[in-house]
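Structural description and commentary
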Amino acid sequence: MTTSKDCQTGSEQDLIRRRAQLLGPELSLSYENPLHLVRGEDVWLYDADGRAYLDAYNNVAHVGHCHADVVAAIARQAARLNTNTRYLHETVLDLSEFLTAKLPSGLDVCFFVNSGSEANDIAWQMAKAFSGNTGVLVLDEAYHGISEATFAMSPSEYDAANQPGHVETLESPDSYRGRLRGNSAEVGIGYTESCDQALAALAQRGHAPAALIIDSGTSSSGILDLPDGYLPAVVEKVRTAGGLYIADEVQVGLGRSGSHFWGFEAFGVKPDIVTIGKPVGNGHPIGIAVTSREILAKFNAHVPFFSTFGGNPVSAAAGLEVLKVIDRQNLQDNARETSAYLKQGIKDLAERETLIGDVRGSGLLIGIDLVLDRETREPAGEAANQIFNYMRNNGVLIGTAGPHGNVLKIRPPMTFSKTHADQLITTLADALNAIR
Ligand code: PMP
């Protein structure tokens, strides 16, 4: 096998060395052979040698890399004015109207910040202010951000021994590999027992819940198919104990789930706060927390909210154009249709490839759970890593996810088509062959 060093040019090795020196060696790079990307267009990324890669991983470029209309909107506004939200400006209001029209009624006030972490951080502050409580419930393996408060809500990033006292984790409702299996209401309710235990544990440490925060795509947990009835039941328990439900839509919002515009809609429960990040700026940094007037009132009484860059006219122009493009190009429908085609193709492959244990997810967020044995469902993390690197070396970018790193993660720009799906399936079939 060729090593990563064999494939790197002198200038790439130099970049790797400078990067480690200047950004710190802990900031990891994707792939054994890191990519030096210089250009993007729609679902394609190009490296410094002009080689094209099919991007089946990056949800930040939600409507496609460097979408001409989004680029034009940013450039137009940047050439005219960029300032902060202490002045009157239409665009941030147009964006808020567009966004809240897509949300259930009652979720109608927007807080603009600059990242998903900040949106979750603000949501957390709102939940504490509104409830008067201090505890938080998160899924095992969740990821919600890098600020101190949101890192605490990200058990995927630290050992259980380091879990702060105000945090409790809920057992992953993994209907494929978890304690209870199968997607029935019984299983769903079975997993909610963990919520009772978590609330009791919080209470013992002197915390009532301020919030339950759930990534609607359960992406870092391995893209789970949540069992029927699970989320509404857990939300009810948390609300009864005085906490709010924060839907983290950073991964799956804006039509990605295909069936709905928001991931939480599939669960039939309305959140108290919705947080939005990466996809909404198509690469331009924007974070948004949307909530109700009631929560706003209590929050404002505690925190005088203002973010210098949040909601600036250039960011607002980017976000507004992204939302318009999603509608204009019917990207939610495309996510649904391409997903059905892609999932079927992977399931066909699974008929002869026993490494594929499960194919799940909704719309253009798909997880392929690789197993060493279909009976025991033992995770095949090393195989996933080999496939991830093989596909990169053969021009298709995917990711890996889940606590065992054995879930191939497919989360492309929303313009991903059936032709692109064909290329992904062919390369995946080759990869499965190659690693045998
Ligand atoms: N929530 C979820 C579900 C995420 O996936 C991420 C980023 N991966 C975040 C929050 C944090 O977003 P950001 O990196 O923009 O701060």
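Heads up: the structure comes first, above all this text.
A brief report on the enclosed structure follows. Just so it is clear, the structure is predicted and the values come from calculations on it, not from any experiment.

Looking at the overall build of the chain
- Across its full length, the chain holds 13 helices and 16 strands.
- Its C-alpha atoms give the chain a radius of gyration of 22 Å, near enough to 22 Å, the size a compact globule of 436 residues would have.
- In terms of overall dimensions, the chain has C-alpha extents of about 60 × 60 × 45 Å along its principal axes.
- A buried classification covers 54% of the 436 residues belonging to the chain.

Points about helix H8 (residues 230–240)
- Along H8, the residues that are buried comprise Tyr230, Leu231, Ala233, Val234, Val235 and Val238.
- Looking at the packing, one finds that the buried side of H8 touches strand S5 (135–139), strand S6 (167–170), helix H7 (185–204), strand S7 (209–215) and strand S8 (244–248).
- Looking at the residues trailing H8, positive phi occurs at Gly242, about 100°.

Observations concerning the site of the ligand
- Near the ligand, the surroundings consist of Ser115, Gly116, Ser117, Asn120, Tyr143, His144, Asp215, Asp248, Val250, Gln251 and Lys278.
- Within the backbone of Gly116, one N or O atom sits 2.9 Å away from an oxygen atom of the ligand.
- Ser117 is positioned such that a nitrogen or oxygen atom in its side chain is 2.5 Å from an oxygen atom of the ligand.
- Compared with its free state, where it exposes 390 Å², the ligand has 80% of that area covered by protein.

So, helix H13 (residues 418–434)
- Over its 17 residues, H13 runs 24 Å from end to end, which matches the ideal 24 Å to within 8%, given 1.5 Å per residue.
- Listed as buried for H13 are His420, Ala421, Leu424, Ile425, Thr427, Leu428, Ala429, Ala431 and Leu432.

A few points about the side chain of Lys343
- Relative to the helices and strands, Lys343 is located in helix H11 (residues 331–350).
- Of the buried charged residues, Lys343 lacks a salt bridge, with Asp225 as the closest side chain of opposite charge at 5.8 Å.
- At 2.4 Å, the side chain of Lys343 and the backbone oxygen of Gly361 are in polar contact.
- Not counting residues within four places of it along the chain, the set of residues in contact with Lys343 comprises Val359, Arg360, Gly361 and Ile366.

Thoughts on the side chain of Arg256
- Turning to its location among the elements, Arg256 is positioned in the loop between S8 and strand S9 (273–276).
- This buried residue, Arg256, is left without a salt bridge; Asp55 holds the nearest opposite charge, at 8.9 Å.
- Polar contacts involving the side chain of Arg256 include one to the main-chain carbonyl oxygen of Leu364, which spans 2.7 Å.
- Of the polar contacts made by the side chain of Arg256, one reaches the backbone oxygen of Pro412; its length is 2.7 Å.
- Excluding anything up to four places from it in sequence, Arg256 contacts Asn59, His62, Gln251, Ala335, Ser362, Gly363, Leu364, Leu365, Arg411, Pro412, Pro413 and Met414.

Thoughts on the packing of aromatic side chains
- In this structure the tally under the stated criterion is five aromatic pairs.
- When the ring of Phe111 is compared with that of Phe299, the centres are 5.5 Å apart and the planes differ by 75°; the resulting orientation is edge-to-face. Of this pair, Phe111 sits in strand S4 (residues 109–113) while Phe299 sits in helix H9 (residues 293–302); the two residues are 188 residues apart in sequence, bridging distant segments of the chain. Each member of the pair, Phe111 as well as Phe299, carries the same accessibility label: buried.
- Aromatic pair Phe261 and Trp262: ring centres 5.1 Å apart, planes at 80°, arrangement edge-to-face.
- Of the residues examined, Phe261 reaches a relative accessible area of 8% and is grouped as buried.

A word on the sheet that holds strand S1 (residues 37–41)
- The four strands lie next to each other as S1-S2-S3-S14, forming an open sheet whose pairing is mixed. Both edges of this open sheet fall to S1 and strand S14 (396–397), since each of them pairs with a single strand only.
- By the bridge criterion, three bridges tie strand S2 (residues 44–47) to strand S3 (residues 52–55) in an arrangement that is antiparallel. In the strand pairing of S3, Tyr46 is matched with Ala52.

Some remarks on the packing of helix H5 (residues 116–131) against H9
- Packing of H5 against H9 brings their axes to within 8 Å, and their N-to-C directions diverge by 90°. By the criterion of interaxial angle, the relationship of H5 to H9 is roughly perpendicular. On the side of H5, the interface is formed by Ile122, Gln125, Met126, Ala129 and Phe130, while H9 contributes Glu294, Ile295, Lys298, Phe299 and His302.
- Residues of the contact of H5 with H9, tallied by class, amount to six nonpolar, two polar and two charged.

Reading the values: the criteria
Residues numbered from 1 in each chain as written. Predicted model: local features only at pLDDT ≥ 70, side-chain atom pairs only at ≥ 80, totals over all residues. Heavy atoms only, no water. Helix = DSSP H or I, 4+ residues; strand = E, 2+ residues; numbered from the N terminus. Rg over C-alpha atoms; globule rule 2.2 N^0.38 Å. Buried < 20%, exposed > 50% of the residue type's maximum accessible area, 1.4 Å probe, protein only. Contact = heavy atoms within 4.5 Å. Near = heavy atom within 4 Å. Polar contact = N/O pair within 3.5 Å; in protein donor to acceptor, adjacent residues only side chain to side chain. Areas by Shrake-Rupley, 256 points an atom, 1.4 Å probe, with all protein chains shown as cover. Expected span 1.5 Å × (residues − 1). Lys, Arg positive; Asp, Glu negative; His and termini not counted. Salt bridge = Lys/Arg side-chain N within 4 Å of Asp/Glu carboxyl O. Phe/Tyr/Trp six-rings, centres within 6.5 Å; stacked < 30°, edge-to-face > 60°. Pairing = 2+ DSSP bridges. Axes fitted to C-alpha atoms, helices over the stretch in contact; angles between N-to-C directions. Parallel < 35°, antiparallel > 145°, perpendicular 65-115°, else oblique. Nonpolar A, V, L, I, M, F, W, Y, C, P; charged D, E, K, R; others polar.

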